[in-house]
Amino acid sequence: MNVIFQTDPGRVRDHNEDNGTVLVKEQAVLAVIADGMGGHLAGEEASALAVETIKEAWESYDPGDPTEDPRWLEETAMKANQVIYNHAESHSECKGMGTTLVMAICRTDCLTIAHVGDSRGYLVIDHETIKQITDDHSLVNQLVKAGQLSEEDADHHPRKNVLIRALGTDIHTEADVRRIEWQAHHCLLLCSDGLSDFVDKSTLLSIISSNHSIEQKATELIECANNAGGYDNISVLLVMNEDGEQP
């Protein structure tokens, strides 16, 4: 597997509330993106707490049994939720802090993805097709699924970024977890909404399916979001399952 994580503050924000990491152990790659929210620097702290909690949990995880991946992802997301919530409760300046989370354990034959919020996962298949494999936990997406709003109107809705689920904002939350089979020449894209809100799927597919290096692809994705205004922090994580190679 070939993996790259890049993040950029964008052209408007004066700091970056996104965070992420890539960790490798034995036959598994763990890919993580968190997009923080909150006043002052609370969002930046929330996303950092999520990533640090996940890193600590990964150190003691035995990836030898792939069937354990969904349970581990769910439990680790809930642990991160508790850490962020407790921190906000004990630090008044952090009240209301929270973060989205999308993370995946990738193996050569399958990946297991978990998410909370509106950071997304996409799967690019054989350089030809791109599929969103996460379902935004947002007010607008809930209205779309209820038939009260069209997908076209959702793109420009004034409350587009209102979340109905995040890490750290409530004592209890849930992560959606799913397992997906994939093959050589497939690619996983994890991203914050600083990318997905400003770059359409056809452009994502075109860049990821190009013959450029994985580093160039990540850079081009970020450039596209910045060229569209760069109104938000932008994070991109690509995992390319190249020829079934081990990480």
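Preceding this section is the structure that the text describes.
Let me begin by describing the structure that accompanies this report. (Residues numbered from 1 in each chain as written. Predicted model: local features only at pLDDT ≥ 70, side-chain atom pairs only at ≥ 80, totals over all residues. Heavy atoms only, no water.)

1. Section: the environment of Thr67
So the rule is basically this: Helix numbering and strand numbering both begin at the N terminus, where a helix is a DSSP run of H or I of at least 4 residues and a strand a DSSP run of E of at least 2. Accessibility here uses a 1.4 Å probe with only protein chains present; expressed as a share of the type maximum, an area under 20% marks a residue as buried, one over 50% as exposed, and anything in between as partly exposed. We define a polar contact as two N or O atoms separated by no more than 3.5 Å, with the added condition that, inside protein, one atom must be a possible hydrogen donor and the other a possible acceptor, whereas residues neighbouring each other in sequence contribute only through side-chain atom pairs.
In this fold, Thr67 is placed in the loop between α1 (42-59) and α2 (69-90). Given the relative accessible area of 59%, Thr67 is considered exposed. Sequence separation between Thr67 and Ser192 is 125 residues, and the spatial gap between their C-alpha atoms is 27 Å. In terms of polar contacts, Thr67 uses its side chain to reach the side chain of Asp65, at 2.6 Å.

2. Quick notes on the environment of Thr169
You can see Thr169 is positioned in the loop between α4 (151-154) and β9 (176-181). Measuring from C-alpha to C-alpha, the distance between Thr169 and Tyr85 comes to 6.3 Å, with 84 residues separating the pair along the chain.

3. Digging into the packing of α1 against α2
Between two packed helices, both the angle of their axes relative to each other and the distance between the axes serve to describe the pair. The following threshold applies: Angles shown run from 0 to 180 degrees and are taken between the N-to-C directions of axes, each axis being a line fitted to C-alpha atoms and, for helices, limited to the stretch in contact. The cut-offs work like this: below 35 degrees is roughly parallel, past 145 is roughly antiparallel, 65 to 115 is roughly perpendicular, and the gaps in between are oblique. By definition, turning the near helix anticlockwise from the far helix through less than a right angle yields a left-handed crossing, and turning it clockwise yields a right-handed one. Working rule for contacts: check all heavy atoms of both residues, and any pair within 4.5 Å makes them a contact. Gly counts as polar in this scheme, as do all residues outside two lists: the nonpolar Ala, Val, Leu, Ile, Met, Phe, Trp, Tyr, Cys and Pro, and the charged Asp, Glu, Lys and Arg.
Running from N to C, α1 and α2 point in directions that differ by 135°, and their axes come no closer than 9 Å. Taken together, the axes of α1 and α2 lie oblique to each other. Viewed along their axes, α1 and α2 form a crossing whose handedness is right-handed. Contact residues: Glu45, Ala46, Leu49, Ala50, Thr53, Ile54, Ala57 and Trp58 in α1; Trp72, Thr76, Lys79, Ala80, Val83, Ile84 and His87 in α2. Grouping the constituent residues of the contact of α1 with α2 by class yields 10 nonpolar, three polar and two charged.

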